[in-house]
Amino acid sequence: MRKQFAIIGMGRFGSSMCKELHRMNHEVLAIDKDETKLNAVKAYATHTVTADATDEQVLIDAGIRNFDHAIVAIGEDIQASILCTLHLKDFDINQVWVKAQNDYHHKVLDKIGADRVFHPESDMGQRIAEYLTSEKVIDYIDLSDEYSIIETLATPKVKGKSLADLDIRARFGCTIIAIKQKNKVDVTPHPEDTLNPGDLLVVIGHKNDLRRFQKEAL
Ligand code: ADP
């Protein structure tokens, strides 16, 4: 279903979010006080409005009250981010998601009713650290906050076992979508396929399930 999003702040985070939502065929209202930032996303946004988002009237004129979902991606100007969030919550926008700059900013945003607060840089840093410290994971792709695809090494624990023996989907809720053995990549793995240490498994699933799979199955 096509949804409408308002994004305030077209820095690196806001603009990449705008592009991604456009790619997913959603409508985006992009607001920034800097026109050059808006020009860079013109091809991806349904509407662009050059405005200072701390000005309540400007937000009303932009039609933001018709939106169900707004994302405040104002980075460094914490005061502007807080004020804009306050306005959006006053307008009764159902979901107001805000990028926080630090823990203090996060606390204030929680207090004033932001529905979701995130720290893209530190969240990403934590996630990468987590994968880097896992000896088995070779690579990963983040599909969303909850789902990802990992490339992980089969260990001696699974030597000679078939996919059916491991029963991964039932036990862990994740799915092996490809197996790389030496130079051969099998993108349609069968239940009877057996694994050897060193095989590369490409697995899709919920992050918690993938974590459990790595810990318990491999
Ligand atoms: P990032 O780390 O995502 O690149 P930035 O802080 O660099 O974040 O970018 C934030 C964006 O928000 C900038 O494009 C800036 O022009 C915009 N911005 C900052 N304050 C306001 C405001 N009061 N109203 C509208 N846009 C704003």
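All values derive from a computational prediction rather than experimental measurement.

1. Examining the site of the ligand
Around the ligand there are 19 residues in total, and Arg 12, Phe 13, Asp 32, Asp 52 and Ala 53 lie nearest to it. Between the ligand and Arg 12 there is a distance of 2.7 Å, counted from an oxygen atom to a backbone nitrogen or oxygen. For the ligand, a nitrogen atom lies 3.2 Å from a polar atom in the backbone of Lys 33. For the ligand, the protein covers 86% of the area, taking 590 Å² as the surface of the free molecule. Classifying every residue of the shell around the ligand gives seven nonpolar, four polar and eight charged.

2. Details of unusual backbone geometry
In this structure, Asn 25 takes a positive phi of about 75° despite not being glycine. On the secondary structure map, Asn 25 appears in the loop between α1 (12–23) and β2 (27–32). Here Lys 182, not a glycine, exhibits a phi torsion of approximately 50°, which is positive. Counting through the fold element by element, Lys 182 comes out in the loop between β9 (175–181) and β10 (184–186). What makes Lys 182 exposed here is its relative accessible area of 83%.

3. Some points on the nonpolar core
Counting 26 residues, the largest nonpolar core has Ile 8, Ile 31, Ile 64 and Leu 88 as the members making the most contacts within it. Elements that contribute at least two residues to this core include exactly β1 (4–8), β2, β4 (69–72), α4 (78–90) and β5 (95–99). Per element, the largest residue contribution to this core is five residues, and it comes from α4. Sequence-distant contacts of Ile 31, defined by excluding residues within four places in its chain, comprise Ile 7, Ile 8, Gly 9, Met 10, Leu 38, Val 49, Ala 51, Leu 59, Ala 62 and Ile 64. If you look at the next biggest cluster of nonpolar residues, it comprises 19 residues, including Ile 150, Ala 154, Leu 195 and Leu 201.

What counts and what doesn't
- Residues numbered from 1 in each chain as written.
- Predicted model: local features only at pLDDT ≥ 70, side-chain atom pairs only at ≥ 80, totals over all residues.
- Heavy atoms only, no water.
- Near = heavy atom within 4 Å.
- Polar contact = N/O pair within 3.5 Å; in protein donor to acceptor, adjacent residues only side chain to side chain.
- Areas by Shrake-Rupley, 256 points an atom, 1.4 Å probe, with all protein chains shown as cover.
- Nonpolar A, V, L, I, M, F, W, Y, C, P; charged D, E, K, R; others polar.
- Helix = DSSP H or I, 4+ residues; strand = E, 2+ residues; numbered from the N terminus.
- Buried < 20%, exposed > 50% of the residue type's maximum accessible area, 1.4 Å probe, protein only.
- Core = buried A, V, L, I, M, F, W, Y, C linked by side-chain atoms within 4.5 Å.
- Contact = heavy atoms within 4.5 Å.

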